[in-house]
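In case you want the letters, here they are:
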Amino acid sequence: MGIADQFKDKAQELADQAKQKAGQGKDQAKERGRQARDQRSDSSSGMQDRARDAADQARERFDR
């Protein structure tokens, strides 16, 4: 095996590693996006609960 073949093999190995890491980065970005959406929906439902509680309390105060 000549030196040129060794360089080609190493270049291919590095290219494969780069592709693999790029794919992992995309997967991680998708996961972070999903987590952010989940967290947003959790916090918005919590705010809705607080708003309902405040509305109920206001109704109780004014119904007296």
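Our subject is the structure that appears above.
Residues numbered from 1 in each chain as written. Predicted model: local features only at pLDDT ≥ 70, side-chain atom pairs only at ≥ 80, totals over all residues. Heavy atoms only, no water.

*Asks:* How should I be thinking about the pattern of salt bridges in this particular structure?
*Replies:* Close approach of charged atoms lets side chains of opposite charge pair. Following the criterion strictly, the structure yields three salt bridges and no others. Note that E13 is salt-bridged to K10, the shortest N-O span being 3.8 Å. Note that E13 and K10 are positioned in helix 1 (residues 3-63) at a spacing of three residues, about one turn of the helix. Given a relative accessible area of 39%, E13 falls into the partly exposed group. Given a relative accessible area of 42%, K10 falls into the partly exposed group. R59 serves as the salt-bridge partner of D56, at 2.8 Å between the closest nitrogen and oxygen. Residue D56 and its partner R59 are located together in helix 1, separated by three residues, close to a single helical turn. Looking at D56, the relative accessible area reads 37%, which means it is partly exposed. (Salt bridge = Lys/Arg side-chain N within 4 Å of Asp/Glu carboxyl O. Helix = DSSP H or I, 4+ residues; strand = E, 2+ residues; numbered from the N terminus. Buried < 20%, exposed > 50% of the residue type's maximum accessible area, 1.4 Å probe, protein only.)

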